[in-house]
Amino acid sequence: MKDILKRSGISSIIVAIAFAILGIIILAHPEGVEKTITTILAIIVLLVGIGKIISYFAFKGNGNLYNYELAIGIVAILLSIAMFVYSEVFTTIFRVVVGIWIAYEGIMKIGISFKLKGVGVTLWIPMLVLSIITLIAGMYIICNKSTIIIAIAIIMIAYAVIDIIDEAIFMKNVDKLM
């Protein structure tokens, strides 16, 4: 279980790094970046879908009734096709999706910080504060229709930095949760 939690932490750090890179790209080239972002996200979703399908067949479905990798892979590929075909639609909802993702991460990290408090980890307070900031940033993106692309980029980079710090605290203390 500890290995699964640590792998989850590493995955979160990788996602945070991707968000930081995306935020830096947006800051460097704000004009016309929405279409590029949609294309990049479509490619990522396509690769995830292909990876899930390959994983499903590589492990022969694992014989597990709850193995949904094939279905997730197909849905991801269909979503990526829709993202390519209807890129303008996905561009308009990009802000909301990013906001939901960041708010969700903030909510999840708030829960983890209280779990760390419960096992006596003293770094739970900075993690809680950073998680609340993450939640507020996500809500700002969701609720503010006039959010400019540069504000999104700055918030994405801040989220990435905060998430990396949160994951480092979590991974350092995962043994205490077991």
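Conventions we followed
- Residues numbered from 1 in each chain as written.
- Predicted model: local features only at pLDDT ≥ 70, side-chain atom pairs only at ≥ 80, totals over all residues.
- Heavy atoms only, no water.
- Helix = DSSP H or I, 4+ residues; strand = E, 2+ residues; numbered from the N terminus.
- Buried < 20%, exposed > 50% of the residue type's maximum accessible area, 1.4 Å probe, protein only.
- Contact = heavy atoms within 4.5 Å.
- Areas by Shrake-Rupley, 256 points an atom, 1.4 Å probe, with all protein chains shown as cover.
- Salt bridge = Lys/Arg side-chain N within 4 Å of Asp/Glu carboxyl O.

A. Here's a closer look at the overall build of the protein chain. Of the regular secondary structure elements, the protein chain holds seven helices and zero strands. Listing every helix and strand of the protein chain by position from the N terminus yields α-α-α-α-α-α-α. If you line up the protein chain on its principal axes, its C-alpha atoms span 50 × 45 × 25 Å. Put simply, the protein chain has 178 residues, and 35% of those count as buried. Contacts spanning at least 24 positions in sequence make up 77% of the contacts within the protein chain whose residues lie at least 6 apart. Accessible surface for the protein chain amounts to roughly 10,300 Å². Of this, 75% is attributable to carbon and sulfur atoms.

B. Representation of the environment of Leu 70 within the structure. Positionally, Leu 70 belongs in helix 3 (residues 69–85). Residue contacts for Leu 70: discarding those within four places in its chain leaves Ile 53, Tyr 56 and Phe 57.

C. Broad picture of the pattern of salt bridges. Here the structure, examined in full by the defined rule, presents four salt bridges. One salt bridge connects Glu 105 with Lys 109, and the closest N-O pair in it is separated by 3.9 Å. Of the two residues, Glu 105 and Lys 109 are both situated in helix 4 (residues 87–118); the distance of four residues between them amounts to about one turn of the helix. Residue Lys 109 is joined to Glu 167 by a salt bridge in which the shortest nitrogen-to-oxygen separation is 2.5 Å. With Lys 109 in helix 4 and Glu 167 in helix 6 (residues 149–172), this residue pair connects regions lying 58 residues apart in the sequence.

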